[in-house]
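Reading the structure
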Amino acid sequence: MPTIPSNKPYRVGRSLTGLGLFATKPIKKGTKIIRYFGPLLDSKKKKDDAIENKYLFELNDRWTIDGSVRKNIARYINHACKPNAESDVKPRKRKVFIRAIKNIEPGEEINYDYGTDYFKAYLKPIGCKCTACEKKRKKKRAEARAEKARLKAKAERKALKKAEKLAKAKKQLKDKLKQKLEAKAERQAKLKLKLNGHSNGAKANGKSLNGKSLNGHAGKSATKMVAAKSGILAKPQQLRETRASA
Ligand SMILES: [Zn+2]
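Residues numbered from 1 in each chain as written. Predicted model: local features only at pLDDT ≥ 70, side-chain atom pairs only at ≥ 80, totals over all residues. Heavy atoms only, no water.

**A word on the overall build of the protein chain**
Going by this rule: Each helix corresponds to a stretch of at least 4 residues labelled H or I by DSSP, and each strand to a stretch of at least 2 residues labelled E; elements are numbered beginning at the N terminus. Partly exposed residues are those whose accessible area sits between 20% and 50% of the maximum for their type, while under 20% is buried and over 50% is exposed, using a 1.4 Å probe and protein chains only. For this analysis, residues touch if any pair of their heavy atoms sits within 4.5 Å. Here the Shrake-Rupley method, with its probe set to 1.4 Å, supplies the accessible areas, and only the displayed protein chains count as covering residues.
Secondary structure summary: the protein chain contains five helices and ten strands in total. Within the protein chain, buried positions represent 23% of all 246 residues. Across the protein chain, every contact between residues at least 6 apart in sequence was considered, and the portion connecting residues at least 24 apart equals 59%. Carbon and sulfur atoms make up 57% of the accessible area of the protein chain, which totals about 19,600 Å².

What follows is the structure in structure tokens.
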């Protein structure tokens with residue numbers, strides 16, 4: 001960690017992305033916090049133009065500050081999409097200051113927007129880790145989770161409905177079958193009753209043949225038959241014949 005004079009309102013500390021610059025005292029909105037400095041690179045010089053690192057701060061078409069030097073404490077300031085500071089560029093003086101654009105509380109990390117070019121080149125490929133972007137990502141993840149849960153609940157409701165429908169259809173089928181079986185059983189019971197009724201009747205007839213009815217029609221015809229057999233009916237003819245012979 002670099003040593004920073006105690007009269008400065010910041011310190012280097014651990015941040016979400018590695019190291020960062022943190023306020024140690026309240027910093028009022030509009031205050032110059034720190035100068036971003038380093039050797040000036042001239043784009044007209046081939047040697048300067050060949051230098052490539054993450055800490056280059058372009059002042060204009062010609063001049064660029066190489067902020068990769070160890071003494072440049074401002075290089076610890078991380079990028080943020082919704083920052084509490086900004087880079088105040090003075091191209092004619094070839095100087096850059098980091099200035100507070102909000103009141104910053106002790107303990108708060110100081111950051112500024114690195115700009116579109118840097119963002120596209122270095123942050124977009126790995127995903128910006130600033131608080132605003134993390135918040136956005138968190139929200140998106142929560143939304144995705146909620147959407148997933150919603151779809152799951154929907155699928156479950158659908159499955160339940162289907163199961164209920166199936167159960168209902170099964171029950172209807174079962175009821176129908178039961179009704180059919182009951183109707184069949186009823187028919188069979190009726191038929192049995194009828195059959196039993198017939199055989200009972202036959203018994204009764206048999207009884208009457210053996211008993212009471214002998215004195216009735218059946219009895220009469222039986223008398224007739226007996227009479228015929230015994231020749232009683234032939235008697236008048238016999239009588240006539242006897243009379244003729246006499
Ligand atoms: Zn961001």
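**Focus: the coordination of the zinc ion**
We apply this condition: A donor here means an N, O or S atom no more than 2.8 Å from the metal, or no more than 3.2 Å when the metal is Na, K or Ca. Since water is not included, a site may seem to lack partners. All geometry calls rest on donor angles, where a four-donor set with angles between 85 and 135 degrees is tetrahedral, four- and six-donor sets with opposite donors more than 155 degrees apart and all others between 65 and 115 are square planar and octahedral, and all else is irregular.
Protein coordination at the zinc ion comes from Cys 81 (SG), Cys 128 (SG), Cys 130 (SG) and Cys 133 (SG), with a distance range of 2.3 to 2.4 Å. Bound by four donor atoms, the zinc ion shows angles of 102 to 114 degrees at the metal and therefore tetrahedral coordination geometry. Sequence positions of the donors to the zinc ion reduce to the motif C-x46-C-x1-C-x2-C. Across the pair, exposure class does not vary: Cys 128 and Cys 130 are buried alike.

**A closer look at the confidence of the model for the protein chain**
Stated formally: Confidence of the prediction at every residue is given by pLDDT, a number between 0 and 100.
For the protein chain, the mean per-residue pLDDT works out to 85, and 80% of the residues sit at or above 70. Low pLDDT (under 50) marks residues 202-224, which in the prediction has six contacts with non-local residues, meaning those over four places away or in another chain. Here residues 230-235 scores under 50 on pLDDT; set against residues more than four positions off or in separate chains, the count is three contacts.

**What about the packing of aromatic side chains?**
We apply this condition: Ring geometry is summarised as follows: Phe, Tyr and Trp rings, the Trp one being its six-membered ring, pair when their centres sit within 6.5 Å, and such pairs are stacked at plane angles under 30 degrees, edge-to-face over 60 and tilted between the two. Two thresholds decide whether a charge sits over a ring: the Lys NZ or Arg CZ must be within 6 Å of the ring centre and within 35 degrees of the ring normal.
Counting across every chain of the model gives four aromatic pairs. Between Tyr 36 and Phe 57 the ring centres are 5.3 Å apart and the planes differ by 55 degrees, which places this aromatic pair in the tilted class. Residue Tyr 36 is located in strand β3 (residues 32-36), and its partner Phe 57 is located in strand β5 (residues 56-58); the two are separated by 21 residues in the primary sequence. Judged on exposure class, the residue Tyr 36 and its partner Phe 57 are both buried. Between Tyr 112 and Tyr 114 the ring centres are 5.1 Å apart and the planes differ by 50 degrees, which places this aromatic pair in the tilted class. With a relative accessible area of 3%, Tyr 112 lands in the buried category. Through pairs of rings, three or more aromatic residues link up here, namely Tyr 112, Tyr 114, Tyr 118 and Tyr 122. Lys 32 extends its terminal NZ or CZ atom over the ring of Phe 97, reaching a point 4.2 Å from the ring centre. The cationic tip of Arg 75 hangs over the ring face of Tyr 55; the distance from NZ or CZ to the ring centre is 5.8 Å.

**What to know about the sheet that holds strand β7 (residues 78-79)**
For the record, the criterion: Think of it this way: DSSP has to see at least two bridges between two strands before they count as a pair.
Taken in spatial order, the four strands make up an open sheet running β1-β2-β10-β7, and their pairing is mixed. Both edges of this open sheet fall to β1 (10-15) and β7, since each of them pairs with a single strand only.

**Some remarks on the side chain of Asn 53**
How we decide: Two N or O atoms count as a polar contact when they lie within 3.5 Å, although within protein this holds only if one can serve as hydrogen donor and the other as acceptor, and sequence-adjacent residues are included solely when both atoms are side-chain atoms.
Within the secondary structure, Asn 53 sits in the loop between α1 (46-49) and β5. At 3.4 Å, the side chain of Asn 53 and the side chain of Ser 68 are in polar contact. Residue contacts for Asn 53: discarding those within four places in its chain leaves Asp 66, Ser 68 and Tyr 122.

**Brief notes about the pattern of salt bridges**
Using the following cut-off: Salt bridge, as used here: a side-chain nitrogen of Lys or Arg that lies within 4 Å of a carboxyl oxygen of Asp or Glu.
Enumeration over the complete set of coordinates arrives at six salt bridges. With a closest N to O distance of 2.5 Å, Asp 88 and Arg 99 form a salt bridge. Here Asp 88, found in strand β8 (residues 85-90), pairs with Arg 99, found in strand β9 (residues 95-100); they are eleven residues apart in sequence, far enough to count as distant. Comparing Asp 88 with Arg 99 shows no difference in burial state: the two are buried. A salt bridge links Lys 171 to Asp 175; the shortest N-O distance between them is 3.2 Å.

**Regarding the nonpolar core**
Note the following rule: In this text, buried Ala, Val, Leu, Ile, Met, Phe, Trp, Tyr and Cys residues form a nonpolar core when linked through side-chain atoms within 4.5 Å.
Leu 21, Ile 33, Ile 34, Ile 77 and Ile 110 are the most contacted members of the largest nonpolar core, which totals 23 residues. Contributing elements (two or more residues each) for this core: β1, β2 (18-23), β3, β6 (63-66), β9 and β10 (109-112). Not counting the four nearest positions on each side in its chain, Leu 21 is found in contact with Tyr 10, Arg 11, Val 12, Ile 34, Ile 73, Tyr 76, Ile 77, Glu 108, Glu 109 and Ile 110. Ala 80, Tyr 118, Cys 128 and Cys 133 belong to the second-largest nonpolar core, a separate cluster that totals seven residues.

**Overview of the pairing of β9**
In regular strands, side chains alternate between the two faces of the sheet. Summarising burial for β9: five of the six residues are buried, a large majority. Relative to β9, β3 runs antiparallel, the two sharing four bridges. Each bridged residue has a counterpart across the sheet, and for Tyr 36 the counterpart in β9 is Val 96. As defined by bridge partners, β8 adjoins β9 across six bridges and the pair is classed as antiparallel. Looking at β9, one finds that Val 89 is bridged to Val 96. Linking two consecutive strands that pair antiparallel, namely β8 and β9, is a turn of four residues; a positive phi of about 55 degrees is found at Arg 94 within it.

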